[in-house]
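Listed below are the residues making up each chain.
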Amino acid sequence: MFLRSLRTAAAAASLAVLLMGSASAQTLEIATDASPSGLDPHLATAFATILINGNIYEGLTAIDTDLRTVPALATEWTVTDEGKTYTFKLRPNVAFHNGKVMTSADVAASVRRVVNPQTGSPLASRFVVIDTVETPDAGTVVLRLKEPAAPLLSQLASLAVLPAEPGVDLGRQTVGTGPFRLTQWVPDTFLMLEKHAAYWEAGLPKLGALKFNIVPDATARQVGLAGGTYHLIPVVEPAIAQTLQGRPGVQVQNTQDLAYTLIGINTTKPPFDNPAVREAINTAVDRSQIVQAVLFGRGEPGGPLSPGLKDWAVPTSEFPCYRPDAAKARQLLQGAGVTLPLKVTMNVIGSLPLAVESSQVVQAQMNQAGFEVTLNVQEQGRFIQDWRASNFEVFASLNGGGVDPDDYLYRTFRTGGSTNVFKYSDPQLDALLDRARSTADMGQRQALYRQAQQALACRGPIAHLTYSTLFAAHRQNVEGFTVMPTRSTRSLRSASLR
Amino acid sequence: MLRLILDRAVDLLVVLFGVSVVAFLMIRLIPGDAVQIMLGANAAVTEEAMAALRARLGLDQPMIVQYLSWIGGVLRGDLGTSIWTGKPVLEEILDRIGVTAELLVLSLGFAVILAVPAGSLMAYVRGGAADQIVRVITIAGVTMPGFWLGTLLIYGFYAWAPAWPAVGWVPIGQDPAGHFQRMLLPTLALGLPILASLSRIVRSAMLDALGQDYVRTARAKGVPERTVVLRHALRNALIPFVTAVGITAGYLFGGTIVVEQVFALPGLGRLVIGAIAERNYPLIQATILLVTTGFVVINFVVDLLYLVIDPRTRGGG
Amino acid sequence: MRLPRSPLLWIGLVLVLVQVGVAVAAPWIAPYDPLQQTILARMRPPGAPYWFGTDNFGRDVLSRVLHGYRSSLAVSAASVMGALLVGGSLGVIAAYYRGWTDRIVMRVMDVLFAFPIILLAIGIIAVLGPRTGTTAVAIGIVYVPIFARLLRGPALVLAESEFVQAAKVLGVSDVGIMLGHIVPNLASVILVQASLSLSTAILVEASLSFLGIGTQPPTPSLGLMLAESRAFLLISPWPSVFSGAAILLAAFGFNLLGDALRDTLDPRLRGRD
C-alpha cells in the first residue's frame, strides 16, 4: 500500500516534470502601466519596481497570501535574549543568478548595505534597530538588536538579499536568488525575465519567462487582455475590472488592498495646526460616497490601518468623525475661530487616477462643509518635491501599506519619522509607538496600536479615505496566480499557462 | 543663386543654434529637482548624496558651462549618457527611432498614395453635391483628435475582430505578420487625418492647375480629358503637394507622441514623454534636438528645391 | 459685397455662432452646476432629468458639455488672439522694416516653428505648470510663428505698394502706416487663418488634456471630459460620445468656416493649408 502510493507519487512527479518540460518555453505576457525608474531593490520602492523585483529578489522571509510571515531564504529561525537576538538558518544550495552560492556573508552585506546611511535606502528606518550582524558559519546569520523589534520578521521579507559583491550596476541590472532573472530591459517597452534554472525550489518556476509589457493606456491594456494579446494585468482599476468581468476567456480576481487613498494635512500651516480643523476635514468627508464613485462600490472606508490587517485594524465604526456631517464640520471650524469659507489648496498627484478622482469627490464634499477647496493637480515630480519639502497645505495621494502596523505608523506619525512630512508631533503618540515597537507580546501590541489608531483617526495629520478592492485580471488559461494585498506577484513562480 | 543658398545655409545654422539653446533651457526650467526625483520620494536622502549625484551629472556647474560642454559633445557626435540606463543617448534613440520612423513612413505613405487619386477625383467632380459631401467628410477627418480616433479604432476592432492584436509591439524579425497587424491601427489613426488634409491640398492644387492657360489650350486642342488631368494638371499640382508633405512630416511627430501612447508603441514619442517625467536631461535634449533638426533640414531642402524649381520665389528673403 | 452662395459657409457660420452662443450663455442655460456630484445618480443613460446622462461622479453631462464649450473655446480664443497679436505684429514689422529686423525676427520664428506643436506645448506647460491659463499660453506660443510667417508674405507685397509709398511721402508715421494701411488689407488672410487656427487649437487642447497636462480637473473642458471618460467607454459610453461629438462639432465648425471663407474671400489663397 505504502509502496504503491509512493510509486503513484513518483509517476505523478515524473509526469509533472514532463508537463513542465513543455511549459518551460512558455512566456507569460503581462501588461503593466508604468516603467520602473530603477531596479536597485534597496533604493527603488515604487510599485512599478516592486512588481518586477518581487520575481527577481527574495528576502530571508516572505509574506504569503494570508499576510503571514513564512520562510524563504532562511529555513528557520530562533529568537532569544528577550527578543533581541535573531538566529537564522539559511537555506542550503541557493544560487544567485550569476551562479554563485548564497552564504551568510551575502546576507550580512545586504543588511549592512541597507542600513548604511550612504546607501540612502528608504528601507533603512525599518532596520536601524539592528545593532550588529554576525556570521558564525556560512549557513547561519545572527542579528543582534538594540532593543526588541516585533515587526522585524515580516519586514525582513522586504530586504532583498544580494551577493556581497554584485559586480553589476544594480540600478539597471539585477542579480538575485528569485525564480526569474532579468535578461532584457528596453525602457518604456518591456522587461524580459527568464527562468532561473537553478532556483532552489524544485520544479519552480513553471513558466519559461515573464514579459512585463509597459502599456500606459488603460484602454489598451484592457482590450489587449480581452483580445488575448496579454495574459495578465496584475493591477486593474476598479472601472476596468467592472468592464472586464464576465468577458469570455477572462478571469478577474480580487483581494483587499493594503494601499489607501488619503488626504495629508500639514500641521505647521495654520489653521491646520488646530486638531479641531483636522477633525472638521474628517467629518466633512463622506467615505462611502468615495467608495461608490471612485471604487465602483468595490472597497471600504478605512482608518489608519487597512481593514485587510484583520489582527490590527480598529473598525471605523469606532471613530466618531467617520459619520459624515457637514453641519458639524462647519461648527468645528467656527469653534476653531476660522472665518468661513476656509480657503484650502489641495495638491493632487496627477499620475495616480485613484487620487485624482478621489480628490474631486473630497473637494465637492468639503465645499459643502465650510471649506473652499482649490485642486492643484501636479505632475508627479513636482508633487513629490513639494511633498518632501512639506510645501503643501493639504494633499491627496495614494500610499502603499505594510503588513506590520509599526512600519507605517512609526515612520509616518512619530516625531521626526522618515516620512512624517506633516511635521506632526504628539509626545503621547510617540510614547505609544515606541512601546509597541519594543513589545513582543501580540495582545499588548494590539492594545497599544488600538490607542494609537484612536488618537490618529480624527485629529491626526492624515484623513484616511478608502482602501480599495485590488483587482487583477488574467486569461482563463493562466493557473496558479493569486492576487495579493501587498501587490506582490510572488505567486507567479508557481503559475503556469494551460 | 549661390549667394542665396549660402544665405539660407547661414540661416539654417542660426536656427539650429537657437533650437539647441531652447532645447537645453526648456528642460532646465522645468520645476522639480532632477536629483531629488532620481533618488526617490521615500528616501531619507542626505544632502551629501544629492550633492554627489549633482556633481556626477555636472548639474552643479553654471548653465553656460553645462551648455558648452553639451554642445561641444554634440558636435563631436557624443550626445551624452542617459541618466537611467547609463547607455549612450544616441544608442537609446537609435533603438527607438525605427518604430517612429516606420509609423511615420507607413502613415505618410498610406496618406500620400491615397491622397493623389482622392484629391484629383474631388477636383474633377468639383461643384456638385458630391464635392460638398466629400469636403465635409475630409474636414471632419482633419478635425478628429488622434487619441479619440485611436480609441474608437481599438474598440471597433475589439467589437468586430476581438482576436486582432490591436495594441503593443513585436519586432518584425520575430513575427512579421504580428508586427504589421499591430501597426495597422496606429497607421490608420495617424494617417487618416493626414489623408484628409493632403487630399484637400491636391484638390485645390489641381483646381489651380486646371484653370491655367496651358490646360485650357490642351483642352481646346481636343486632347482627351483623361490626358489633360493626368499629364498636364497633375504634374503641376504636385509642387505644392510635395511642400505640404514636407511640412506634414514634421507635424506628424507631434501626432506620434499621442498615438504611441495610445497603442503602447516603443517609439521616440514615448521615449521623450518618459524622459521628461524622469528629468533625464541628456535624453530629452538630444531627442528634441534630433527631431527639430530633422524638421528644419527637411524644410531647408524643400526651400532649396523651390528655389530651383520656381524662380519666382527667389525675390523674397 | 454680394452674399456668397456657398452653403458650406453658412453651415460653418451657423455652427460657430451657435456654439459660441452656448459657450457664452453656459452659466445661464446649463440645468445643473457642472461640478455638482450626485453620486447616487451616477452613470445614468440620457433621459429626464439628465438629458445627456451623468458621468462617473454623477455630474450632469449636458451641463458639463455646455461649460466645456466655455472653457475649451476660451482657451482656443485666448491662444489664437494672443498669437495673432504677437505673431501678426512681428510678421508685419519684419515685412515693413526688412533687413536685419526681418532676419532676426524670422529666425526666432523659425526656431519656434521647428518644434512639433505637441512637443513645444508639453515643454512650455512643464515649465509653467499645468493650469488652464498655461494651456492657453502654450498653445498661443505655438501659433505665434504661424501667424508671423503667414502675414509677413502679403505684408511684404503691401509694403512695396504704391499707396504705402505715397503715405510715406506724406509723412505718415511707421506705426500709422502699418495699422492704417497694411493691417486692414490683411483682414481676409487673418480671418481665414484665425478660424482655421481656432479649429486646431481645440484639438491641441484636447490632446494635451489626454496626455494629462492640459486643463486640470474638475474644470469641465471638452478634451478633459473625453480623456477622462475613455476608461468607462464600455460601461457608460455617453460622456465620451457627447464630449467627443462636441469637440468634433466645434473643430469642424471653425474649420468649415475658415475653409469656406478662404474660397469666398480670396480664391488665390486656396491650396495653402
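Think of each chain on its own: its residues are numbered from 1, step by step along the sequence as written. Labels are handed out in written order, letters beginning with A for the chains and numbers beginning with 1 for the ligands. Given that this is a predicted model, residues contribute local features only at a pLDDT of at least 70 and side-chain atom pairs are listed and counted only at 80 or more, while totals for whole chains, interfaces and linings are drawn from all residues.

Caption draft 1: Examining the overall build of chain C more closely. The number of helices and strands found in chain C is 10 helices and 0 strands. The numbering of helices and of strands both runs from the N terminus, where a helix is a DSSP run of H or I of at least 4 residues and a strand a run of E of at least 2. Sequence-ordered secondary structure for chain C, helices as α and strands as β, is α-α-α-α-α-α-α-α-α-α. Projecting the C-alpha coordinates of chain C onto the three principal axes gives extents of approximately 75 × 45 × 30 Å. The 273 residues of chain C split such that 58% are buried. A sequence separation of at least 24 residues applies to 69% of the contacts in chain C between residues at least 6 apart. Counting other C-beta atoms within 10 Å of a residue's own tells you its class, since 20 or more makes it buried, 12 or fewer makes it exposed, and anything in between is partly exposed; those C-beta atoms are placed from the backbone. For the purpose of contact definition, each residue receives a C-beta atom placed from its backbone, and two residues are in contact when these atoms lie within 7 Å.

Caption draft 2: Geometry of the packing of helix α7 (residues 146-160) of chain B against helix α8 (residues 176-210) of chain B. Residue and element names in this part refer to chain B. The angle between two axes is taken between their N-to-C directions and runs from 0 to 180 degrees, where each axis is a line fitted to C-alpha atoms and a helix contributes only its stretch in contact. For the pair α7 and α8, interaxial distance at closest approach is 9 Å and the crossing angle is 140°. Here α7 is positioned oblique relative to α8, judged by the angle of their axes. As for how α7 packs across α8, the hand of that crossing is right-handed. Along the contact surface, α7 presents Gly146, Leu149, Gly150, Leu153, Ile154 and Phe157, while α8 presents Leu185, Leu188, Ala189, Leu190, Leu192 and Pro193. To sort the angles, those under 35 degrees are grouped as roughly parallel, those over 145 as roughly antiparallel, those from 65 to 115 as roughly perpendicular, and the leftovers as oblique. The crossing is said to be left-handed when, going from far helix to near helix, the turn is anticlockwise and less than a right angle, and right-handed when the turn is clockwise.

Caption draft 3: Representation of the domain arrangement of chain A within the structure. Residues and elements named next belong to chain A. Either an automatic procedure or a domain database provided the assignment from which the domain bounds are taken. Here the domain parsing of chain A yields domain 1 (27-38 + 171-257 + 469-497), domain 2 (58-158) and domain 3 (260-468). Inter-centroid distance (C-alpha atoms) of domain 1 to domain 2 is 27 Å. Counting residues at the interface gives 14 residues for domain 1, matched by 14 residues for domain 2. The nonpolar class holds Ala, Val, Leu, Ile, Met, Phe, Trp, Tyr, Cys and Pro. Asp, Glu, Lys and Arg form the charged class, and all remaining residues, Gly among them, are polar. Its residues placed into classes, the side of domain 1 that touches domain 2 shows 5 nonpolar, 7 polar and 2 charged.

Caption draft 4: Representation of the interface of chain B and chain C within the structure. Taken residue by residue, the interface counts 48 residues in chain B and 38 residues in chain C. Counting residues per element, the ones that place at least two in the side of chain B that touches chain C are α1 (2-29), α6 (129-142), α7, α8, α10 (225-263), α11 (268-278) and α12 (281-309) of chain B. Sort the elements by how many residues they give to the side of chain B that touches chain C and α10 of chain B lands first, with 9 residues. Its residues placed into classes, the side of chain B that touches chain C shows 31 nonpolar, 13 polar and 4 charged.

Caption draft 5: Main features of the sheet that holds strand β7 (residues 140-145) of chain A. Residues and elements named next belong to chain A. The antiparallel open sheet is built from 4 strands, whose spatial order is β4-β5-β7-β6. Single-partner strands in this sheet number two, and they are β4 (74-80) and β6 (130-137). Averaged over all pairs of adjacent strands, the angle between strand axes in this sheet comes to 20°, irrespective of strand direction. Strand direction decides the pairing type here: strand β5 (residues 85-90) and β7, joined by 5 bridges, are antiparallel. Considered in β7, the bridge of Thr87 is made with Val142. In this analysis, strands are considered paired if DSSP registers two or more bridges between them.

Caption draft 6: A look at the packing of α6 of chain B against α8 of chain B. All names here are of chain B. The N-to-C vectors of α6 and α8 enclose an angle of 135°; their axes lie 7 Å apart at closest approach. It follows from the interaxial angle that α6 and α8 lie oblique. Between α6 and α8 lies a crossing of left-handed hand. Residues Thr138, Gly141 and Val142 of α6 form the contact with α8, whose own contacting residues are Leu192, Pro193, Leu195, Ala196, Ser197, Ser199 and Arg200.

Caption draft 7: Just unusual backbone geometry, in detail. Here Pro270 of chain A and Pro271 of chain A are connected by a cis peptide whose omega angle stands at 0°. In this structure, Pro49 of chain C follows Ala48 of chain C across a cis peptide bond, with omega equal to -5°. Locating Pro49 of chain C in the fold gives a position in the loop between α1 (7-29) and α2 (61-97). Despite not being glycine, Glu82 of chain A shows a phi value in the positive range, around 55°. Located in the positive-phi region is Ser390 of chain A, a residue other than glycine, with phi close to 55°. Inspection of the secondary structure puts Ser390 of chain A in the loop between α12 (380-388) and β16 (394-399).

Caption draft 8: View of the environment of Glu279 of chain A. All names here are of chain A. Of note, Glu279 is situated in helix α8 (residues 275-284). Once the C-alpha coordinates of Glu279 and Cys321 are considered, the two residues, 42 residues apart in sequence, prove to be 6.8 Å apart. Filtering out sequence-adjacent residues up to four positions away, Glu279 remains in contact with Cys321, Leu332, Cys458 and Arg459.

Caption draft 9: Examining the nonpolar core more closely. As used here, a nonpolar core is made of buried Ala, Val, Leu, Ile, Met, Phe, Trp, Tyr and Cys residues. They are joined through C-beta atoms within 7 Å. Within the largest apolar cluster, 316 residues are counted, with the highest numbers of intra-cluster contacts made by Ile263 of chain A together with Ala121 of chain C. Of the residues forming this core, the biggest block, 16 residues, is contributed by helix α5 (residues 132-159) of chain C.

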